[in-house]
Amino acid sequence: MKTLRVGMIGYNFMGKAHSNAWRQAGRFFDLPARIEMKTICGRNLEAVERAKEKLGWQICATDWRSIVDDRDIDIIDICTPNDTHAEIAVAAAQMGKAILCEKPLARNVAEAERMTDAVKKARVVNMVCHNYRRIPAIALAKKMIKRGDIGERIFHYRARYAQDWILDPNFPLGWRLQNKIAGSGANGDIDAHIIDLARYLVGEISEVCGAAMETFIKERPLPDFDKTRGNPSKKKGKVTVDDAVSWIGRFKNGALANLEATRFAAGRKNHIALEINGSKGSLGFDFEDMNRLDFFSTEDPQDTRGFRSILVTEPQHDYARAFWPPGHIIGYEHTFVATFADFVKAIVAGKSVQPTFEDGLQNERVLAAVAESAKTRAWVKM
Ligand SMILES: NC(=O)c1ccc[n+]([C@@H]2O[C@H](COP(=O)([O-])OP(=O)(O)OC[C@H]3O[C@@H](n4cnc5c(N)ncnc54)[C@H](O)[C@@H]3O)[C@@H](O)[C@H]2O)c1
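Residues numbered from 1 in each chain as written. Predicted model: local features only at pLDDT ≥ 70, side-chain atom pairs only at ≥ 80, totals over all residues. Heavy atoms only, no water.

### Digging into the overall build of the protein chain
Note the cut-off: Secondary structure is summarised from DSSP: a helix means a run of H or I of at least four residues, a strand means a run of E of at least two, and numbering begins at the N terminus for each. In this setup the radius of gyration rests on C-alpha atoms only. A globule is expected at 2.2 Å times the number of residues raised to 0.38. Think of it in three bands: residues with accessible area under 20% of the maximum for their type are buried, residues over 50% are exposed, and the middle band is partly exposed, with areas taken using a 1.4 Å probe on protein chains only.
From N to C terminus, the protein chain includes 11 helices and 17 strands. Taking 2.2 N^0.38 as the reference for a compact globule, 382 residues should give roughly 21 Å; the C-alpha atoms of the protein chain span a radius of gyration of 21 Å, in line with that estimate. By its C-alpha atoms, the protein chain is 65 × 55 × 45 Å across when sized along the principal axes. In the protein chain, buried positions account for 55% of the 382 residues.

### Describing the sheet that holds strand β1 (residues 2-9)
Where we set the bar: In this scheme, strands are said to pair when DSSP sees at least two bridges between them. Whenever a helix is involved, its axis is fitted only over the stretch in contact; in every case the axis is a line through C-alpha atoms, and angles between N-to-C directions fall within 0 to 180 degrees.
With respect to topology, 6 strands assemble into an open sheet ordered β3-β2-β1-β4-β5-β6, the strand pairing being parallel. Of all the strands in the sheet, the pair left with one neighbour each is β3 (59-61) and β6 (126-128). Across the sheet, the mean angle from the axis of one strand to that of its neighbour is 25°, orientation sign disregarded. Bridging between strand β5 (residues 98-101) and β6 involves 3 bridges; their strand directions are parallel.

### Quick look at the side chain of Ser-282
Heads up, the rule is: Identification of polar contacts relies on pairs of N or O atoms within 3.5 Å, with a donor-acceptor requirement for protein atoms, meaning one able to donate a hydrogen and the other able to accept it, and with residues adjacent in sequence counted only if both atoms are side-chain atoms. Contact between two residues is taken to exist if any of their heavy atoms lie within 4.5 Å; hydrogens are not considered.
Looking at where Ser-282 falls in the secondary structure, it is placed in strand β14 (residues 281-286). Classification of Ser-282 as buried rests on a relative accessible area of 10%. Here Asn-277 takes part through its side chain, which lies 2.9 Å from a polar atom of the side chain of Ser-282. Setting aside its immediate chain neighbours within four residues, Ser-282 contacts Ile-150, Ile-276, Asn-277, Asp-294, Phe-295, Phe-296 and Phe-307.

### Looking at the site of the ligand
Which entries qualify depends on this criterion: Nearness is judged by heavy atoms alone; a residue qualifies as near a molecule or strand once a single heavy atom is within 4 Å of it. Only the protein chains shown count as covering a residue, and every accessible area follows the Shrake-Rupley method with a 1.4 Å probe.
In the neighbourhood of the ligand, 25 residues make up the surrounding shell, with Asn-12, Met-14, Asn-82, Lys-103 and Arg-176 lying closest. Contact between the ligand and Cys-129: a nitrogen atom at 3.3 Å from a main-chain N or O atom of the residue. At 2.9 Å from an oxygen atom of the ligand is found a side-chain nitrogen or oxygen belonging to Trp-175. Contact with the protein chains hides 89% of the accessible area of the ligand, taken as 850 Å² for the molecule alone.

### Looking at the side chain of Asp-70
Take Asp-70: it is sitting in the loop between α3 (64-69) and β4 (75-78). A distance of 3.0 Å separates a polar atom in the side chain of Asp-70 from a polar atom in the side chain of Lys-38. Setting aside residues up to four positions removed in sequence, Asp-70 forms contacts with Lys-38 and Lys-97.

### Brief notes about the nonpolar core
This is how the line gets drawn: To qualify as a nonpolar core, a set must consist of buried Ala, Val, Leu, Ile, Met, Phe, Trp, Tyr and Cys residues joined through side-chain atoms within 4.5 Å.
One finds Trp-22, Tyr-157, Trp-247 and Leu-274 to be the most contacted residues of the largest nonpolar core, which totals 87 residues. Setting aside its immediate chain neighbours within four residues, Tyr-157 contacts Ile-194, Leu-197, Ala-198, Val-202, Phe-251, Leu-256, Ala-257, Asn-258, Leu-259, Leu-274, Glu-275 and Ile-276. Counting 28 residues, the second largest nonpolar core, distinct from the first, contains Ile-73, Ile-78, Ala-92 and Phe-357.

### Notes on the packing of aromatic side chains
Counted only if it meets this: We call Phe, Tyr and Trp rings a pair once their centres come within 6.5 Å, taking the six-membered ring for Trp, and we label the pair stacked below 30 degrees between planes, edge-to-face above 60, and tilted otherwise. For a ring to carry a charge above it, either NZ of a lysine or CZ of an arginine must fall within 6 Å of the ring centroid while also lying within 35 degrees of the normal to the ring plane.
Tallying each qualifying case throughout the model produces 13 aromatic pairs. With a centroid separation of 5.3 Å and 75° between ring planes, the pair formed by Trp-165 and Phe-171 is classed as edge-to-face. You can call Trp-165 partly exposed: its relative accessible area is 30%. Taken together, the aromatic side chains of Phe-13, Tyr-132, Tyr-161, Phe-287, Tyr-332 and Phe-336 make up a single cluster linked through ring pairs. For the cation-ring pair, Lys-142 lies above Tyr-200, with the distance from its terminal atom to the ring centre recorded as 4.9 Å.

### Quick look at the sheet that holds strand β12 (residues 256-262)
Two strands in a sheet stick together by hydrogen bonds in their backbones, pointing the same way (parallel) or opposite ways (antiparallel). Strand order across the open sheet formed by 9 strands is β16-β15-β14-β13-β7-β12-β11-β8-β17, with mixed pairing between neighbours. Only two strands of the sheet have a single neighbouring strand rather than two, namely β16 (308-311) and β17 (380-381). Pairing geometry for strand β7 (residues 154-162) and strand β13 (residues 271-278), over 8 bridges, is antiparallel. The partner of His-156 across the bridge, within β13, is Asn-277. Relative to the sheet, helix α6 (residues 136-147) contacts β7, β13, β14, β15 (292-297) and β16, its axis offset from that of β15 by approximately 25°.

### Brief notes about the pattern of salt bridges
Pairs may arise between side chains of opposite charge once their charged atoms sit close together. Filter applied, for reference: A carboxyl oxygen of Asp or Glu within 4 Å of a side-chain nitrogen of Lys or Arg is what we treat as a salt bridge.
Applying the stated criterion to the full structure yields 27 salt bridges. The residue Arg-107 makes a salt bridge to Glu-111 at a minimum N-O spacing of 2.5 Å. You can call Arg-107 partly exposed: its relative accessible area is 27%. Across the pair Glu-214 and Lys-218 runs a salt bridge whose closest N-O atoms are separated by 3.2 Å. Owing to a relative accessible area of 48%, Lys-218 belongs among the partly exposed residues under this scheme.

### Side note on unusual backbone geometry
Residue Pro-104 is reached from Lys-103 by a cis peptide bond, and omega for that bond is -15°. As for its position among the elements, Pro-104 is in the loop between β5 and α5 (109-122). For the bond from Gln-354 to Pro-355, the omega torsion is -5°, close enough to zero to count as cis. For Pro-355, the position within the fold is in the loop between α10 (332-349) and α11 (357-376). Even without glycine at this site, Arg-123 takes up a positive phi of about 50°. Inspection of the secondary structure puts Arg-123 in the loop between α5 and β6. The exposed category is assigned to Arg-123, whose relative accessible area is 76%.

Shown next as structure tokens:
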């Protein structure tokens, strides 16, 4: 069996999720290749050495170029802030590596175009890590929509991605709050995920009919947060991204879209709530109860009709069957395990699996249309 060697760049939040997924993918899924977790990369030697030990990598590096240039590495896994994605991905494509890149693909459409051109030109397998597609309940929703379980026509896609981690005005001005690094705020960070699910479940978005964006807290303490005394830095910097965004739009197939992404919803931690209404029924999903999918069908007998909650853990359910027996529920980390399993299969087959960089680029176009609509207060066609 072929061995695929991975080089991963960035070792914090996503680095931890990805390290776990590289280790676990072959334990749950029958993969056509062995995975070797070869090199982990970060800028600080001491910290990356600690991460290497903790996360289970063979060696570490402090310059991502050394991994991209390493002929022994087959896969480049990008887990760094958004301003680095384009440069790393283009270099990795030129070296013929398969690339898994965290979302959003880039900071803007121009960068995403460059990345997509590079992977196409080099014909390398590529994927954007929109891990929520591989939740068994979402995979079931996709299957049910395709089968016509909620009807031939879809009328509404409503999605809300709500968090509250920057509600505190003393939360420091980290990279996610700086446009130069992140490209945008709630829009690229979390709206991107529900846009990806919209495109996956319902279809292409044709226009943004109206968007509102707001930066509620305009200035925040600079990130040299005084950890010893627990006081925020006295110096403040300007927040240059949106704190929240909401918008309505249309899909090519005539359905209406209604999306909201915010990091200011007190009590909401990682609330990804979807409702899709069709001509014969509806589907509902909430990530905070991710093993379940709600389903209402107008074909049920009138006297017992109502939303039913499907526990998506049966062997008939895609991805779920790879994990545990029915009722033995899965969590956040499994979404990455399932994503990486599909990516490894794609590399061996030599054909990218969705969401590809092309999907990431289309996603960026929607994000840009939302930002433009918020700025101009006009409708924006895709
Ligand atoms: N799929 C998801 O649901 C999901 C969730 C969170 C974050 N993300 C995405 O993952 C990416 C990383 O986010 P995170 O939350 O892990 O960020 P983070 O701040 O927790 O970690 C970033 C890591 O990148 C490293 N890094 C930064 N610049 C580097 C460079 N030039 N060379 C090498 N290493 C560098 C940092 O040292 C750190 O280890 C972002 O693009 C983010 O949008 C995706």
